[in-house]
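# Notes for the structure review
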Amino acid sequence: MPTWHHGLVADWWAFYNTDGPEIAYFGEYIADGQPALDAGCGTGRLLVPWLEAGYDVDGSDVSQDMLAHCRERARAAGSEPTLVAQPLHELTMPRRYRTIVVCGVFGLGTTWEQDVQAIGRLFDALEPGGMLLLDNEAPYSDSDQWLLWTAEARARLPEPVKPRLERRAAPDGTERGMRSRVLASDPLDQTITLEIVADLWRDGELVATEARPLTAALVSRSADQGHAGGSRLRADRGPRGLRFRATDGRHEVPHLPRPKAGHGLTVRRAAPRPTRATRCRS
Ligand SMILES: C[S@@+](CC[C@H](N)C(=O)[O-])C[C@H]1O[C@@H](n2cnc3c(N)ncnc32)[C@H](O)[C@@H]1O
């Protein structure tokens, strides 16, 4: 799986990305719906605080490096959670969940087809009545990124490599740096390709540099939540990609408040109806 969350990038997440409003935001749903799965749990930014709160939560992630950090952090907090190394589109967990959270994960380095499969796998991993919480940052919410869809801006890509500016002390006694740039933007495929460059200094000497590309999907028509605080939901990725409706078949959309930041998708798995099709539409 071509994500960049390996090696020095995984270290960076473990060292510096340890907080955020999503812990409390999604945590409220987990408090009411367990067991829960943090799908794409990374280094445990969300998972570990939830374990510390006493919640019954498993984790999955495609990156062994991210999971190794997560395991170490969980152990330090006195927990041994079930952590499984799997991409979302091959998700097969040992149990089903009342709540699944997918935060900052969907559409990273995957094909549209894999994303469609992932929705099906996530749906199948829910208990009847369970809920999938899936965040999505719509591309038009970031004007810098939106401009990259113009022909003029695309003609200036790839951006040049940025100079090394940041150098941060790490808990392991080393120093770390991180730079990113845009390599390409594809408005028809609705993807953006970025590159991250991570540096490692030991005793003041630069000893490693890793450059990793990542193509991320930009889901521009992600959710139509209607007027009643999330009364309808539709995900639609156009002719080549994901298309599912949360309002038909076994899907119901619960009356939830709108996500506080960005755009979010919420899907509840209704109790099984034997006479109806049980597959996620694609
Ligand atoms: C931006 S990090 C977010 C981690 C965590 N959810 C959080 O909010 O702190 C993205 C994580 O998703 C994982 N990931 C990306 N694509 C994935 C996929 N298709 N299946 C499973 N994990 C994936 C990466 O390895 C990385 O750990």
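Scroll up to find the structure.
Residues numbered from 1 in each chain as written. Predicted model: local features only at pLDDT ≥ 70, side-chain atom pairs only at ≥ 80, totals over all residues. Heavy atoms only, no water.

Neighbouring the ligand are 21 residues, the closest being Gly-40, Arg-45, Asp-61, Leu-88 and Cys-103. Within the contact set of the ligand, a nitrogen atom lies 2.7 Å away from a backbone nitrogen or oxygen of Gly-40. Between the ligand and Cys-103 there is a distance of 2.8 Å, counted from a nitrogen atom to a backbone nitrogen or oxygen. Residue composition of the shell around the ligand, grouped by class: 11 nonpolar, 8 polar and 2 charged. (Near = heavy atom within 4 Å. Polar contact = N/O pair within 3.5 Å; in protein donor to acceptor, adjacent residues only side chain to side chain. Nonpolar A, V, L, I, M, F, W, Y, C, P; charged D, E, K, R; others polar.)

Along the chain, Thr-174 falls in the loop between strand S6 (168-169) and strand S7 (175-186). With relative accessibility at 5%, the residue Thr-174 sits in the buried group. Engagement of the side chain of Thr-174 in a polar contact is seen with the side chain of Asp-172, the distance being 2.5 Å. Side-chain polar atoms of Thr-174 contact the side chain of Arg-176, separated by 2.9 Å. Not counting residues up to four positions away in its chain, the partners in contact with Thr-174 are Arg-168, Ala-169, Leu-200, Trp-201 and Arg-202. (Helix = DSSP H or I, 4+ residues; strand = E, 2+ residues; numbered from the N terminus. Buried < 20%, exposed > 50% of the residue type's maximum accessible area, 1.4 Å probe, protein only. Contact = heavy atoms within 4.5 Å.)

Here we come to the state of the cysteines. In the structure shown here, the tally under the stated rule is 0 disulfides. Unpaired in terms of disulfides, Cys-70 finds its nearest cysteine sulfur in Cys-41, a separation of 4.3 Å. (Disulfide = S-S within 2.5 Å.)

Where charged atoms from two side chains of opposite charge approach closely, those side chains can pair. Throughout the structure, instances matching the rule amount to 14 salt bridges. Residue Arg-98 is joined to Glu-127 by a salt bridge in which the shortest nitrogen-to-oxygen separation is 3.6 Å. One end of the pair, Arg-98, is in strand S4 (residues 97-102); the other, Glu-127, is in strand S5 (residues 126-136), with 29 residues separating them in the sequence. The closest approach of N and O atoms between Arg-164 and Asp-199, which form a salt bridge, is 2.8 Å. Of this pair, Arg-164 sits in the loop between helix H7 (151-155) and S6 while Asp-199 sits in strand S8 (residues 191-202), placing them 35 residues apart in sequence. For Arg-164, a relative accessible area of 41% gives the class partly exposed. The exposure class of Asp-199 is buried, given its relative accessible area of 2%. (Salt bridge = Lys/Arg side-chain N within 4 Å of Asp/Glu carboxyl O.)

Moving on to the packing of helix H1 (residues 7-16) against helix H4 (residues 64-76). Look at H1 against H4: their axes get within 9 Å of each other, and the N-to-C directions meet at 30°. It follows that H1 is roughly parallel to H4 by the angle criterion. The handedness of the crossing between H1 and H4 comes out as right-handed. From H1, Gly-7, Ala-10, Asp-11, Trp-13 and Ala-14 reach across to H4, where they touch Asp-65, Met-66 and His-69. Within the contact of H1 with H4, the residues separate by chemical class into 4 nonpolar, 2 polar and 2 charged. (Axes fitted to C-alpha atoms, helices over the stretch in contact; angles between N-to-C directions. Parallel < 35°, antiparallel > 145°, perpendicular 65-115°, else oblique. Left-handed = near helix turned anticlockwise from the far one by under 90°.)

Keep in mind these values describe shape, not function.
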